[in-house]
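So the chains spell out like this:
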Amino acid sequence: DLENCVEAPVLSVVANTISGNTLLSGNSNRNDDVQRIAVHLANHAGNLHTVAFVGCADDDGISTLSREVAVQLAQMNHRVLLINANLRDADGDTALGVQGNGILECAAGTPVEPQTSKVERLFVLPAGTGDTDPIEALSAPSFQQLLRDAATAYDFVLLDTPALHAHADALLLAKYSDACILIARARKTGFVTMEHAAQQLKLDGSKLLGTVLNRYI
């Protein structure tokens, strides 16, 4: 099974979603499934601050799941910063309903501030705009300092990352994090793919908190 494959617990099996572009899902079953992930993180509050959401492919639902977990944690009275660290997706900021300076401007030396969201206690840092290479931007000392500062200013900092097998960004972001959650898409992501992804993360010294089986119908 999946747990034996990646040698990490399955945190939740998440139902399919009605709409992947909304901050709050309209599927009550999915909300319950996502809440299990949030509760697991909340149980580690104080010891676990920065968490990267990592998937193998673009359609694993990485962005939607990270947004939904962020909302659940904020509704549990935690102060949360959601960072759109997927610099490969130009539509990511639009889906979050934010615009303006973000990671790319931070990497260039411009001071940036997280933006408020429609959800109380939930703040968002967009990817921003610019031509800087994503790996170069994510490796910038200014961005790394931003993450360190955020870890002390917020209860949780959640990182939305690009697909692991498409780019190296996720490996870098997982390394910056206290732990990562590996996402598999039900009936699509194979065990061999998940095993390889888990091995890559562990090889780089990243802590794998667990896995999520997403979009299970």
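Just above sits the structure.
It should be emphasised that the depicted structure is a prediction, and the values quoted were computed from it without experimental measurement.

## Focus on the pattern of salt bridges
Okay, step 1: Within the structure shown, the criterion is met by seven salt bridges.
Okay, step 2: In this structure, Asp 59 engages Lys 188 in a salt bridge whose closest nitrogen and oxygen atoms are separated by 2.1 Å. Of the two residues, Asp 59 sits in the loop between strand 2 (50-55) and helix 3 (62-75) while Lys 188 sits in the loop between strand 7 (179-185) and helix 9 (191-203), which places them 129 residues apart along the sequence.
Okay, step 3: Owing to a relative accessible area of 25%, Asp 59 belongs among the partly exposed residues under this scheme.
Okay, step 4: Taking the shortest distance from any N to any O, the salt bridge between Arg 121 and Glu 120 comes out at 3.6 Å.
Okay, step 5: A residue is classified by how much of its surface remains accessible, and Arg 121, at 28% relative accessible area, is partly exposed.
Okay, step 6: Each of the salt bridges in this network shares a partner with another, and the network as a whole consists of Asp 59, Arg 185 and Lys 188.

## Quick word on the nonpolar core
Okay, step 1: If you look at the biggest cluster of nonpolar residues, it comprises 40 residues, and the most contacted ones within it are Val 6, Leu 81, Ile 83, Ile 103, Leu 182 and Met 194.
Okay, step 2: Excluding residues that lie within four positions of it along the chain, Met 194 makes contacts with Leu 2, Cys 5, Val 6, Cys 56, Leu 182, Ile 183, Ala 184, Thr 189 and Thr 211.
Okay, step 3: Within the second largest apolar cluster, 31 residues are counted, among which are Val 34, Leu 41, Val 51 and Leu 122.

Rules behind the numbers
- Residues numbered from 1 in each chain as written.
- Predicted model: local features only at pLDDT ≥ 70, side-chain atom pairs only at ≥ 80, totals over all residues.
- Heavy atoms only, no water.
- Salt bridge = Lys/Arg side-chain N within 4 Å of Asp/Glu carboxyl O.
- Helix = DSSP H or I, 4+ residues; strand = E, 2+ residues; numbered from the N terminus.
- Buried < 20%, exposed > 50% of the residue type's maximum accessible area, 1.4 Å probe, protein only.
- Core = buried A, V, L, I, M, F, W, Y, C linked by side-chain atoms within 4.5 Å.
- Contact = heavy atoms within 4.5 Å.

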